[in-house]
Amino acid sequence: MKNNLEKLFKPKSVAVIGASRDPDSVGHGILKNLVRGCVFQAEFCRPFKGRIYAVNPKASSILNTRSFPSIKDIEEDLDLAVIAVPAKIVSSVMKDCAEKKVKAIILISAGFAELGEKGKKLQDEITSIAEKANISLVGPNCLGIIRPSANLNASFAPSMPPEGNIAFVSQSGAIADSIIDWAIENRYGFSNLISYGNKAMLDETDFLEWLDKDEKTKTVALYIEGMKDGRKFMEAAKKVSMKKPIVALKSGMTEKGAKAASSHTGSLAGSYNVYKAAFKQSGVFLASTIEELFDISKALANQPPAKKNSIAIITNGGGCGVLCADYCSKLGVNLPDLKDSTIKKLDKTKKMHPAYSKSNPLDIIGDALPETYEAAVNTLLQEDYISGLIVIQTLQTMTNPEKNAMILIEARKKFPDKPIICTYMGGKFSRKSIFMLEAHKIPDYNDVSKAAKAMKALIERNEQLKK
Amino acid sequence: MPQLNFNRTKKIIDKYKLPFARSFLIKSSEEAVKRSKELGFPVAMKISSPDIIHKSDAGCVAAEIKDEDHAKKAYEDIIKNAKKKKAKIEGVIVQKNISGVEAIIGMKSDPQFGPVILFGMGGIFVEIFEDISLRIAPIDKKIAEEMIDEIRSSDILKGARGREPVNIKSLKDILVKISNLSMENKKLESIDLNPVIVDKKTAKIVDARMMEYEK
């Protein structure tokens, strides 16, 4: 059942088939993730609130959860089954699920199409079981699904990331997995983490269509290795991207395609270039690294589009401002000259240093106090010809990162249509203020080049929506 | 991946009203002289053979043919060089010699996305710099324009450094027609229009190669 994914993401009951007492096993990890929210304890872990069952013929109770010999022995209705048993018994387990009228299955087990012809046959067999029984099937060979807002960690990922508004849909389990620890450290929030593995039934297009309607998701981040039906994806992406931004990272960048000497076009239109064209045509942002994928997604999910390509930079460090201007100009982010009338307004605030730059980037000098930032930020945001701000802060003896953050949070409320992107250049002593900013949906980047890229995406987003 | 012969290729080109440089397929040196005169010197000749892909490397191309003797000799040399390669020979194509900026327009049928349209500048731009743009078909005139704007060397077409700007509309027209053609002929695996020569007045396809899927 491709059209009803509600039970998959918002189940009221979950059974783990292959739940094990062995703490080193996948089945044990999944059960623990449901019972406690995570294995590696983090502040964002919450136990699943619905009913949880273990299925293991050799145990009566695992992790204080009642265990049943077969899923058929459970009397209550079941929404979701997570399967982690050897490939050779998957089809019989799935037949039991069909009989039990389970609505959705996450098939963690490996040993299917990724192994070649024989595995493919087995995969086709289990897919047809799911199709006949109207079961939504994720996987096989996947990490699982995490939906923090539902306290659902139906995966063998180490922990639970914070709740947020970005959905990450990943063909790779390892990439979905590895960003969780990072997300916890950086408080990067997710609405859903979806690892879909071999996509025997549900693929990126199906998830995209569901996320379009998911009230928790503002932006979709995709990691893609390959697709079966590119045109179907384009159709869905064109529709979804009008409502929610989509950012994709595609692997296989260096693959030159078969250098078929008989066709010029064939060798030039290598697979990666074709994907790039398809993304462009369907309004999908292309990221070139994992970091960029989440950097751009963060900006698009939390900031409004820049109504015009006309951006100002405010900085208390000259070098950082100049570098940021370089990156902006390279990317085509336009930095207009400040009008004389704007300079007059800045002078009138009497908060500017005598040597402030009077140009864009607006260098308010190293000793800028919160009131200097406040005057600069509000004066520039009031100008019609400035559609967005990049605010840079370098830490000096008199700098007050938290007060500066408060000023930006206020400005964000006063000027909801103008994006603000921050670069608090620092580490330990900027951390608290960065969390403050991001908790109020002002994205911060540790480097001005990333801030420039984020702003570029917000300018492009506006152009996409105008089309 | 069989290549369509000259006549079948030409038939498709005519059906879609693609601007092909006026050409004749000739099979003798007498015909070479006759058709060259008809086209008006200077003319260009090249082999028509499914086996020879890199025609100039094989010595199977002659340009700037200025008179009857030259036409006769060019024909004979091309045939001689093609025979050295033991190639299947359909004949020799004679065309009016045209000059202008070289572009390449192509199509490749991608297994995941279907027909993909390519635009690039010809010669070293495409060979060395891979300066191309791609779009999934179908495309309209607006997307065709984006494709032309997108390549790094597009200023050459627009008249950089005192050059005369070329007729971009005629290039857009070919791109859209190739898109229509490939959406309607799903048996085609790839198309190379290489080169398409464009000047301020018009664009002409000088060479076309079409491949179809094996049955």
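Residues numbered from 1 in each chain as written. Chains lettered and ligands numbered in written order. Predicted model: local features only at pLDDT ≥ 70, side-chain atom pairs only at ≥ 80, totals over all residues.

J.: Honestly, the overall build of chain A in this entry has me stumped. Any pointers?
T.: For chain A, the count of helices and strands is 16 helices and 18 strands. Its C-alpha atoms give chain A a radius of gyration of 25 Å, near enough to 23 Å, the size a compact globule of 467 residues would have. Considering only C-alpha atoms, chain A reaches an extent of 80 × 60 × 30 Å along its principal axes. Within the span of chain A, comprising 467 residues, buried residues form 52% of the whole. (Helix = DSSP H or I, 4+ residues; strand = E, 2+ residues; numbered from the N terminus. Rg over C-alpha atoms; globule rule 2.2 N^0.38 Å. Buried ≥ 20, exposed ≤ 12 C-beta atoms within 10 Å, placed from the backbone.)

J.: Any chance you could explain the nonpolar core here in plain terms?
T.: The tendency in soluble globular proteins is for nonpolar side chains to be buried as a group. One finds Val82 and Ile105 of chain A to be the most contacted residues of the largest nonpolar core, which totals 186 residues. Ranked by residue count, the leading element in this core is helix α16 (residues 448-466) of chain A, at 8 residues. Not counting chain neighbours up to four residues away, the residues in contact with isoleucine 105 of chain A comprise Ala81, Ile83, Met94, Cys97, Ala130, Ile135 and Leu137 of chain A. The next biggest cluster of nonpolar side chains, apart from the first, holds 19 residues, and it includes Leu39, Ala74, Ile93 and Val94 of chain B. (Core = buried A, V, L, I, M, F, W, Y, C linked by C-beta atoms within 7 Å. Contact = placed C-beta atoms within 7 Å.)

J.: So what exactly am I meant to see when it comes to the sheet that holds strand β17 (residues 388-394) of chain A here?
T.: Where strands meet in a sheet, backbone hydrogen bonds hold them as pairs that are either parallel or antiparallel. Residue and element names in this part refer to chain A. Read across the open sheet, the 4 strands follow the order β16-β15-β17-β18; overall the sheet is parallel. Two strands in the sheet have a free side with no partner beyond their single neighbour: β16 (362-363) and β18 (420-425). Relative to β18, β17 runs parallel, the two sharing 6 bridges. Within β18, the position partnered with isoleucine 392 by the bridge is threonine 423. Seen against the sheet, helix α11 (residues 318-331) touches β15 (311-315), β16, β17 and β18 and runs at an angle of roughly 160° to β15. (Pairing = 2+ DSSP bridges. Axes fitted to C-alpha atoms, helices over the stretch in contact; angles between N-to-C directions.)

J.: How do you make sense of the confidence of the model for chain A when you look at a structure like this?
T.: When pLDDT is averaged along chain A, the result is 93, and 96% of the positions lie at 70 or above. Ignoring residues within four places in sequence, the model shows residues 256-262 of chain A, a span with pLDDT below 50, making 11 contacts including any to other chains. (pLDDT = per-residue confidence, 0-100.)

J.: Please clarify how the confidence of the model for chain B should be interpreted in this entry.
T.: Should the pLDDT be low somewhere, the predicted coordinates at that spot are not to be read in detail. Residues and elements named next belong to chain B. Confidence in the prediction of chain B, expressed as mean pLDDT, is 90, and 99% of residues score 70 or more. Here helix α4 (residues 124-127) is the element of chain B with the lowest mean pLDDT, 70, and helix α7 (residues 168-184) is the one with the highest, 96. Scoring the predicted complex yields pTM 0.92 and, for the interface, ipTM 0.87.

J.: Help me understand the environment of valine 176 of chain B in this model?
T.: All names here are of chain B. Mapped onto the elements of the fold, valine 176 is located in helix α7. As a C-alpha pair, valine 176 and isoleucine 139 span 37 residues in sequence and 6.1 Å in three-dimensional space. Each residue touching valine 176, except ones within four places of it in the same chain, is listed here: Ile139, Asp140, Lys141 and Ala144.

J.: Please clarify how the domain arrangement of chain B should be interpreted in this entry.
T.: You'll often see interface size given as the accessible area lost when the parts meet. Taken domain by domain, chain B holds domain 1 (22-96) and domain 2 (101-212). Computed over C-alpha atoms only, the centres of domain 1 of chain B and domain 2 of chain B are separated by 26 Å. (Domains from an automatic or database assignment.)

J.: I would appreciate a short explanation of α11 of chain A in the present structure.
T.: Because each turn of an α-helix spans 3.6 residues, side chains separated by three or four positions end up pointing in the same direction. All names here are of chain A. Taking 1.5 Å as the rise per residue, α11 with 14 residues should run 20 Å; its terminal C-alpha atoms sit 20 Å apart, in good agreement. Looking at α11, one finds that the buried residues are Cys320, Gly321, Cys324, Ala325 and Cys328. An end-on view of α11 places all buried positions within 135° of arc, on one side of the element. Relative to its buried face, α11 has exposed residues pointing more than 90 degrees away, namely Gly319, Ser329 and Lys330. Looking at the residues trailing α11, positive phi occurs at glycine 332, about 85°. (Expected span 1.5 Å × (residues − 1). Arc of directions from axis to C-beta.)

J.: Help me out: how do you make sense of the sheet that holds strand β2 (residues 43-48) of chain B in this one?
T.: All names here are of chain B. The 4 strands are arranged β1-β4-β2-β3 in an open sheet whose pairing can be described as antiparallel. For this open sheet the edge positions go to β1 (23-26) and β3 (61-65), each flanked by a neighbour on one side alone. Taking the axes of each pair of neighbouring strands and ignoring which way they run, one obtains an average angle of 20° across the sheet. Summarising the sheet, β1 and strand β4 (residues 91-96) pair through 4 bridges and their orientation is antiparallel. If you follow isoleucine 26 over to β4, its bridge partner there is valine 92. Against the sheet, helix α2 (residues 29-39) touches β1, β2, β3 and β4, its axis set at about 20° to β4.

J.: So what exactly am I meant to see when it comes to helix α4 (residues 117-132) of chain A here?
T.: Residues and elements named next belong to chain A. A rise of 1.5 Å per residue sets the reference length of α4, with its 16 residues, at 22 Å; its end C-alpha atoms lie 23 Å apart and thus fit the reference within 8%. Taken as a whole, α4 has its buried residues at Gln123, Ile126, Thr127 and Ala130. Burial along α4 is one-sided: seen end-on, the buried residues are contained in an arc of 105°. Away from its buried face, by an angle of more than 90 degrees, α4 presents the exposed residues Glu117, Lys118, Lys121, Asp124 and Lys132. Structurally, α4 contributes buried residues whose contacts are with α3 (87-99), β6 (104-107) and β7 (136-138). Within two residues after α4, asparagine 134 carries a phi angle of roughly 55°, on the positive side.

J.: What's the story with the domain arrangement of chain A in this structure? I'm lost.
T.: Residue and element names in this part refer to chain A. Domains assigned within chain A are domain 1 (6-141), domain 2 (164-302) and domain 3 (311-466). Between the C-alpha centres of domain 1 and domain 2 the distance comes to 26 Å. For the side of domain 1 that touches domain 2, the secondary-structure elements that each account for two or more residues are α4 and β7. If you tally residues by element for the side of domain 1 that touches domain 2, the top one is α4, at 4 residues. Of the residues assigned to the side of domain 1 that touches domain 2, the class counts are 10 nonpolar, 5 polar and 1 charged. (Nonpolar A, V, L, I, M, F, W, Y, C, P; charged D, E, K, R; others polar.)

J.: For this particular structure, what's the right way to read the packing of helix α13 (residues 370-382) of chain A against helix α14 (residues 401-414) of chain A?
T.: Each pair of packed helices can be described by the angle between their axes along with the distance between the axes. Residue and element names in this part refer to chain A. With their axes 9 Å apart at the nearest point, α13 and α14 run at an angle of 20° to one another. Taken together, the axes of α13 and α14 are roughly parallel relative to one another. The element α13 and its partner α14 pack so that their crossing is right-handed. Along its contact with α13, which presents Pro370, Tyr373, Glu374, Val377, Asn378 and Leu381, the element α14 presents Lys403, Asn404, Ile407, Leu408 and Ala411. Partitioned by chemical class, the residues of the contact of α13 with α14 number 7 nonpolar, 2 polar and 2 charged. (Parallel < 35°, antiparallel > 145°, perpendicular 65-115°, else oblique. Left-handed = near helix turned anticlockwise from the far one by under 90°.)

J.: Hey, could you run me through the environment of valine 284 of chain A in this one?
T.: Residue and element names in this part refer to chain A. Take valine 284: it is sitting in strand β14 (residues 284-287). On a C-alpha basis, the gap between valine 284 and threonine 379 in space is 34 Å, while along the polypeptide they are 95 residues apart. Apart from residues lying up to four places away in sequence, valine 284 is in contact with Ala237, Ser241, Ile246, Ala248 and Phe279.

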